[in-house]
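Chain residues, written in single-letter form:
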Amino acid sequence: RLKVSEQLRYCSEFFNKDVLFQSARILIADRVAAVRKDAIISFAHLVTEDKLPIIVQLASDDRYWERIAAAEVINNVDIKFGKKLIRPLLNLCRDKVANVRISAVAAAISMLDKLEGEDKEEILKIIEELKHYKDVDVANTANSVFL
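Residues numbered from 1 in each chain as written. Predicted model: local features only at pLDDT ≥ 70, side-chain atom pairs only at ≥ 80, totals over all residues. Heavy atoms only, no water.

Asks: Lay out the packing of helix H3 (residues 33-46) against helix H5 (residues 64-76) in plain terms, naming residues and giving numbers.
Replies: Contact geometry for H3 and H5: axes closest at 9 Å, N-to-C directions at 55°. It follows that H3 is oblique to H5 by the angle criterion. Considering the relative orientation of H3 and H5, their crossing is right-handed. Taken together, the residues of H5 that come into contact with H3 (itself represented by Ile40, Ile41, Phe43 and Ala44) are Ala69, Glu72, Val73 and Asn76. Split by residue class, the contact of H3 with H5 holds 6 nonpolar, 1 polar and 1 charged. (Axes fitted to C-alpha atoms, helices over the stretch in contact; angles between N-to-C directions. Helix = DSSP H or I, 4+ residues; strand = E, 2+ residues; numbered from the N terminus. Parallel < 35°, antiparallel > 145°, perpendicular 65-115°, else oblique. Left-handed = near helix turned anticlockwise from the far one by under 90°. Contact = heavy atoms within 4.5 Å. Nonpolar A, V, L, I, M, F, W, Y, C, P; charged D, E, K, R; others polar.)

Given below as structure tokens:
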């Protein structure tokens, strides 16, 4: 499954991207972490404008691992899509599950230098809040940003 995930992005110019995207969508919920991690990259590579609602849906899923996947996808998508996913990312930064917050704040930090204006201010505000969060791993991740 790991090899399949890798191949999804490498053959995207030769095959139907919608079919490949659906395969990546399945693999981001795989039981093996290495497969999930790689599938996030393929999923993000295959995202198109019409697929953004799927990421928004993942970001509000009841299952925390789907919300983690959403944060990691946002971290890996092209910035033109990432800018359209600021609201779901901010919600993930406030998630009740610490591991979701960790993935979300990591995504926020990686997007920071590509943002400007109100979006950048909102991201900076949430990062600053999370620097003082009660969970030490969340706080450490937020404190890893160099301004």
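Asks: Summarise the pattern of salt bridges; cite the residues concerned and give the values.
Replies: Opposite charge on two side chains lets them pair, provided their charged atoms get close. Enumeration over the complete set of coordinates arrives at 13 salt bridges. Here Asp30 makes a salt bridge to Arg1, at a shortest N to O gap of 2.5 Å. Of the two residues, Asp30 is situated in the loop between helix H2 (17-27) and H3 and Arg1 in the segment before helix H1 (2-10); the sequence distance between them amounts to 29 residues. Assessed through its relative accessible area of 10%, Asp30 is described here as buried. (Salt bridge = Lys/Arg side-chain N within 4 Å of Asp/Glu carboxyl O. Buried < 20%, exposed > 50% of the residue type's maximum accessible area, 1.4 Å probe, protein only.)

Asks: Provide a residue-level description of the environment of Lys84, including the pertinent values.
Replies: Summarising the element assignment, Lys84 is placed in the loop between helix H6 (79-82) and helix H7 (86-93). Look at Lys84 and you get partly exposed, because its relative accessible area is 48%. Taking the C-alpha atoms as reference points, Lys84 and Thr141, 57 residues apart in sequence, are found 23 Å from one another. With residues up to four places along the chain from it excluded, the contact list for Lys84 reads Glu49 and Leu52. Polar side-chain contacts of Lys84 include one of 2.8 Å to the side chain of Glu49. (Polar contact = N/O pair within 3.5 Å; in protein donor to acceptor, adjacent residues only side chain to side chain.)

Asks: Tell me about the nonpolar core, and name the residues and values.
Replies: By size, the foremost hydrophobic cluster in this structure holds 48 residues, and its most contacted members are Phe43, Ile55, Ile123 and Ile127. Contributing elements (two or more residues each) for this core: H2, H3, helix H4 (52-59), H5, H7, helix H8 (98-111), helix H9 (117-130) and helix H10 (136-142). Tallying contributions element by element places H8 first for this core, with 7 residues. The residues touching Ile127, leaving out its near neighbours within four places in the chain, are Val105, Ala108, Ile109, Leu112, Ala142 and Val145. (Core = buried A, V, L, I, M, F, W, Y, C linked by side-chain atoms within 4.5 Å.)

Asks: Give a description of the packing of H8 against H9 that names residues and reports values.
Replies: Interaxial distance between H8 and H9 falls to 10 Å at its minimum, and their mutual angle equals 135°. Viewed along their axes, H8 and H9 adopt a mutual orientation that is oblique. Judged by the twist between their axes, the crossing of H8 over H9 is left-handed. Across from Arg101, Val105, Ala108 and Ile109 in H8, the residues of H9 making contact are Ile123, Ile127 and Leu130.

Asks: Which residues make up H9, and what values go with them?
Replies: With 14 residues, H9 extends 20 Å between its outermost C-alpha atoms, agreeing within 8% with the 20 Å of an ideal straight helix rising 1.5 Å per residue. Of the residues making up H9, those classed as buried are Ile123, Ile126, Ile127 and Leu130. The buried residues of H9 occupy an angular sector of 100° when projected down its axis, which confines them to one face. For H9, the exposed residues set more than 90 degrees away from the buried face come down to Glu118, Glu121 and Lys125. On its buried side, H9 packs onto H7, H8 and H10. (Expected span 1.5 Å × (residues − 1). Arc of directions from axis to C-beta.)

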